[in-house]
There are 2 protein chains.
Amino acid sequence: MTKTIADIAKLAGVAKSTVSRYLNGGSVSDRTRENIERIIKEQNYVPNTFAQSLKAKRTNFIGTVVPRLDSYATSQTLIGIDEELRKNHYQMLIANTSQDLDREIEAIYDFARQKISGIILLAAQVTEAHLTAIHDIRIPVILVGQQHDQVHSLVHDDKRAGWLMGRHILDQGHRDIVYLGVTEKDRAVGVYRKEGVKQALETCPDCRVRYFETSFKMTDAMAAATRILEDAKPSVIVCATDNIALGVIKAAHLKGVRIPEDLSVTGFGGYDITEMIHPALTTVKYHYFQAGEQAARHIIQLVLEQPVDRLSVLDVELIRRESVDNL
Amino acid sequence: MTKTIADIAKLAGVAKSTVSRYLNGGSVSDRTRENIERIIKEQNYVPNTFAQSLKAKRTNFIGTVVPRLDSYATSQTLIGIDEELRKNHYQMLIANTSQDLDREIEAIYDFARQKISGIILLAAQVTEAHLTAIHDIRIPVILVGQQHDQVHSLVHDDKRAGWLMGRHILDQGHRDIVYLGVTEKDRAVGVYRKEGVKQALETCPDCRVRYFETSFKMTDAMAAATRILEDAKPSVIVCATDNIALGVIKAAHLKGVRIPEDLSVTGFGGYDITEMIHPALTTVKYHYFQAGEQAARHIIQLVLEQPVDRLSVLDVELIRRESVDNL
DNA sequence: CTGAAAGCGCTTACAG
DNA sequence: CTGAAAGCGCTTACAG
């Protein structure tokens, strides 16, 4: 049924090795080249990748571990990874872990088992188990969105993002501020982003700043905001993510609190939707697509044993829109 | 370095075939079983999947072709596919085509080349080239979201969705109606969904209905809505997708048109975000996750050469929220 | 430039 | 229950 290299060789009147050489760009005479070319086309021959990989001991697979598939950040990053990988003739494999840490570890080992060449890890946390797995598999790994000294990392400048936002709301005259953040287990979002905001706000001695915590879910953020709006009466709520901001805005609408007249709200991320809602959300744009592209470039370099910076930091960009009032 | 079945066999003092049999659940005596088990654990042995696939002539890969990664519908469907595939020890491969029809065809052939066992195709259109490719590769294919008599298909009940929405706005007293749809090249969304609406509206002789077309992009929808709001003065705009509805709502906000007091708006899809915006969007919920699960189940059955319905239709559900006024 | 041969790491009849 | 042998479809030195 399906043709093998032997069939082609026989039809072309040459040895299998010659066909293989042709396939792999080795030196072949023009006559045999044309001959083989024609036969391959005629026979609709495609090489068996398993036989290739078995022999060559390597694959063109790059595995990507993602905590979730239904997030703007993940989607954009994946698209960037995929585009760049395609260009370089690598194929992306995705393992979705649905925010389950155990599955994350499992996925790493699974990928190793499949002899993929490298792993791109979009993790929210890096635990000991992660480090052990990364060490065990002896395959290049690059971390995206989080950093760790023992692993090649690519991150967004969370601290600067926080700082930009902190400065901005100060500039707009806000003095009574609520920061609605997330768990510190997520270093990037939970710690650095908040640190940036805090650092900017510390330049303002007469500011009142209160910190609250919620989850990444819009509904949880909504509930948290409802409580906050009952007790505190801040002029602005700085949310750790655009999704949280969306939840806060919803809560405000339901309570009849107008944005930005009664309450300013900000996010982080720069999701497409933040521009479409009303009022449009002031946020800090993260370059997820570019992060994906660069992560792909880095993992390929790592696979090819070329040097790569241990840490790359992507710039971020403040986007001023309508959800912040100028007091 | 990495262990092979031969190493394990030697250490266990048995033949390679015995180890293989153990691995594949064949009959082995308790003693050798325990022995092999122990050695495998000690040596941290993992079978080489390429050698397995080369010999066994099949893989546990299921390829999924998606037109885009950054859409709620795609994400949810992929999650459903992935979950179900995992359960059955299949691995999902994703090819993103960025809405490029040529890449879609290419992806199908690429998958075949990689000897994947089956393909799940989330296409917006089914062209001759698709049919040729599907026919050429001789691998089971299931179409999701679109239907075609020559291919196993799994669809949402677009016609009924349209009908439900048409009935609903009629029930709410709307008589001056604009339908903002998309290209008929997309049969499911462009034709059937619209047909459903039309069918419902035809029961209303004194209704005024006008049809417009836009793209799937929010920004295009926004521009289209801006024009529509200048000329026509409908009481409701029925949008072919939630994203289009989001664009329409944005345009309305910018023009100072209040929703739903001045204009009612509806969508299709049931994206999470539609609940968070204000006012919450009336829409028809599609069960993307379940579609993914079922598509996975079907493709597995097809791979195992079990019978599968040529066409499966998933139910949809009207969700009444605040964006439709009761006149 | 070309070919014969060995081998990648498995699985699968076939004997015993 | 167990083993020896052949073979899956390729690639890679090695000779010529």
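Residues numbered from 1 in each chain as written. Chains lettered and ligands numbered in written order. Predicted model: local features only at pLDDT ≥ 70, side-chain atom pairs only at ≥ 80, totals over all residues. Heavy atoms only, no water.

1. Here's the deal with the protein's contact with DNA strand C
Heads up, the rule is: Whether a residue is near a molecule or strand depends on its heavy atoms: if one lies within 4 Å, it is near. Throughout this description, a polar contact denotes any pair of N or O atoms lying within 3.5 Å of each other; where both atoms belong to protein, one of them has to be capable of donating a hydrogen while the other can accept it, and for residues adjacent in sequence the pair is counted only when both atoms sit in side chains. Helix numbers and strand numbers start at the N terminus; a helix is a DSSP run of H or I with at least 4 residues, a strand a run of E with at least 2. Gly falls in the polar group here, along with every residue not listed as nonpolar (Ala, Val, Leu, Ile, Met, Phe, Trp, Tyr, Cys, Pro) or charged (Asp, Glu, Lys, Arg).
In the region of DNA strand C, 27 residues are neighbours, and Ser27, Lys55 and Lys57 of chain A together with Ile5 and Ser20 of chain B sit closest. In this structure, isoleucine 5 of chain B approaches DNA strand C through a main-chain N or O atom, which is 2.6 Å from a phosphate oxygen. Among the secondary structure elements, those contributing two or more residues to the surface near DNA strand C are helix H2 (16-23) and helix H4 (49-56) of chain A together with helix H2 (16-23) and helix H4 (49-56) of chain B. In terms of residue count, H4 of chain B provides more of the surface near DNA strand C than any other element does, four residues in total. Residues of the surface near DNA strand C, tallied by class, amount to ten nonpolar, twelve polar and five charged.

2. Quick notes on empty space enclosed by the protein
What counts is decided by this rule: Cavity and pocket criteria rest on a 1 Å grid covering protein atoms alone: a 1.4 Å probe that fits but cannot get out defines a cavity, protein on both sides within 12 Å along at least 5 of 7 lines defines an open pocket, and an atom within 4 Å of a point defines a lining residue. Grid points are joined across faces, edges and corners, and a volume is the space filled by probe spheres set on the points.
Scanning all chains against the criterion turns up two cavities of 30 Å³ or more. In this structure, the largest cavity occupies an estimated 160 Å³ of space. If you trace the largest cavity, you find 14 residues lining it, with Met276, Ile277 and His278 of chain A together with Ile277 and His278 of chain B closest to the centre. At the level of secondary structure, the elements contributing two or more residues to the lining of the largest cavity comprise helix H11 (242-254) and helix H12 (273-276) of chain A together with helix H11 (242-254) of chain B. Here the lining of the largest cavity is composed, by residue class, of nine nonpolar, four polar and one charged.

3. Focus: the interface of chain A and chain B
Which entries qualify depends on this criterion: When checking whether two residues touch, look at their non-hydrogen atoms; a contact exists if any pair is within 4.5 Å. What counts as buried area is the accessible surface, traced by a 1.4 Å probe, that two parts surrender upon association, with contributions from both included. The term salt bridge refers to a side-chain nitrogen of Lys or Arg lying within 4 Å of a carboxyl oxygen of Asp or Glu.
Taken together, the 42 residues of chain A in the interface contact 42 residues of chain B. Summing both partners gives a buried area of about 4300 Å² for chain A against chain B, and 60% of it is carried by carbon and sulfur. Contact with chain B buries area across many residues of chain A, yet Phe50, Arg113 and Met276 of chain A alone supply 17% of it, more than any other trio. Inspection of the region where chain A meets chain B yields four salt bridges. A salt bridge links arginine 86 of chain B to glutamate 106 of chain A; its shortest N-O distance comes to 3.5 Å. Taken together, the connections running from chain A to chain B amount to eleven residue pairs in polar contact (both at pLDDT 80 or more). Put simply, the parts of the chain that give the side of chain A that touches chain B at least two residues each are H4, helix H5 (72-87), strand S2 (91-96), helix H6 (101-113), helix H10 (218-231), H11 and H12 of chain A.

4. Concerning the protein's contact with DNA strand D
Not every one of the 26 residues close to DNA strand D is listed here, only the nearest: Ile5, Ser20 and Tyr45 of chain A together with Ser27 and Lys57 of chain B. Within the backbone of asparagine 48 of chain A, a nitrogen or oxygen atom sits 2.9 Å from a phosphate oxygen of DNA strand D. For the surface near DNA strand D, the elements supplying multiple residues, two or more each, are H2 and H4 of chain A together with H2 and H4 of chain B. Broken down by element, the residue count for the surface near DNA strand D peaks at four residues, all from H4 of chain A. The class makeup of the residues in the surface near DNA strand D is nine nonpolar, twelve polar and five charged.

5. Quick look at the pattern of salt bridges
In a structure, side chains of opposite charge can pair up when their charged atoms sit close to one another. Residues and elements named next belong to chain A. Applicable threshold: In this scheme, a residue with accessible area under 20% of its type's maximum is buried, one over 50% is exposed, and one in between is partly exposed, where area comes from a 1.4 Å probe on protein chains only.
Inspection of every chain in the model, using the stated rule, returns 28 salt bridges over all chains. Aspartate 171 is the salt-bridge partner of arginine 167, the closest N and O atoms lying 3.0 Å from each other. A residue pair is termed a helical-turn pair when its members lie 3 or 4 positions apart in one helix, as arginine 167 and aspartate 171 do in helix H8 (residues 158-171) at four residues. On the accessibility criterion, aspartate 171 (49% relative accessible area) is partly exposed.

6. As for the relation of the copies chain A and chain B
Definition in use: All copies are superposed by least squares; the fitting set is the C-alpha atoms of residues with a pLDDT of at least 70 in both.
With an RMSD of 0.1 Å, the operation that places chain A on chain B is a rotation of 180° combined with a shift of 0.0 Å along the axis. What the rotation and shift describe, once combined, is the action of a two-fold rotation axis. Minimal C-alpha separation from the rotation axis in chain A is found for phenylalanine 50 of chain A, amounting to 2.5 Å. An overlap of 100% is found between the interface residues of chain A and their copies at the interface of chain B, pointing to a shared contact surface.

7. A few points about the sheet that holds strand S7 (residues 208-213) of chain A
Residue and element names in this part refer to chain A. The criterion, for reference: Two strands form a pair only when DSSP identifies at least two bridges running between them. Helix axes use the C-alpha atoms of the stretch in contact, all axes being lines fitted to C-alpha atoms, and the angles between their N-to-C directions lie in the range 0 to 180 degrees.
In spatial order, the strands read S7-S6-S8-S9; together these four strands make up an open sheet with parallel pairing. Each having just a single partner strand, S7 and strand S9 (264-266) make up the two edges of the open sheet. Taking each pair of neighbouring strands and ignoring which way they run, the sheet shows an average axis angle of 20°. Relative to S7, strand S6 (residues 176-181) runs parallel, the two sharing six bridges. Pairing of isoleucine 177 across the sheet is with valine 209, part of S7. Helix-sheet contacts for helix H9 (residues 187-201) involve S6, S7 and strand S8 (236-239), and the interaxial angle to S6 is about 170°.

8. A word on the pairing of strand S2 (residues 91-96) of chain B
All names here are of chain B. Put simply, the rule is: Seen with the strands pointing away from the viewer, any crossover whose path from the first strand over the helix to the second strand runs clockwise is right-handed.
Buried residues dominate S2, accounting for six of its six residues. Judged from the six bridges that link them, strand S1 (residues 61-66) and S2 form a sheet pairing that is parallel. If you follow glycine 63 over to S2, its bridge partner there is leucine 93. In this view, the connection linking S1 to its parallel neighbour S2 by way of helix H5 (residues 72-87) has right-handed handedness.

9. Things to note about the UniProt feature "domain: HTH lacI-type" (unreviewed entry) in chain A
Convention followed: UniProt positions are given in the numbering used here, feature names are shortened, and annotations may be inferred rather than shown by experiment.
Per the UniProt entry, the sites bearing "domain: HTH lacI-type" (unreviewed entry) are residues 3-56 of chain A in this numbering. As a span, residues 3-56 of chain A carries 70% helix and 0% strand, and end to end its C-alpha atoms are 20 Å apart.

10. Structural notes on the domain arrangement of chain A
Convention followed: Here the bounds of each domain stem from an automatic or database domain assignment.
The domains assigned to chain A are domain 1 (5-56), domain 2 (61-156 + 288-314) and domain 3 (158-286). Computed from C-alpha coordinates alone, the two centres of domain 1 of chain A and domain 3 of chain A are separated by 61 Å.

11. Considering H4 of chain B
Think of an α-helix as turning once every 3.6 residues; residues three or four places apart then point the same way. Put simply, the rule reads: Directions drawn from the helix axis to the C-beta atoms are what define this arc.
For H4 of chain B, the complete set of buried residues consists of Thr49, Phe50 and Ser53 of chain B. Down the axis, H4 of chain B shows its buried residues gathered within 100° of arc, on one side only. Along its buried surface, H4 of chain B packs onto H4 and H6 of chain A. Two to three positions downstream of the cap, the backbone nitrogen of phenylalanine 50 of chain B sits 2.7 Å from a side-chain oxygen, assigning the N-cap of H4 of chain B to asparagine 48 of chain B.

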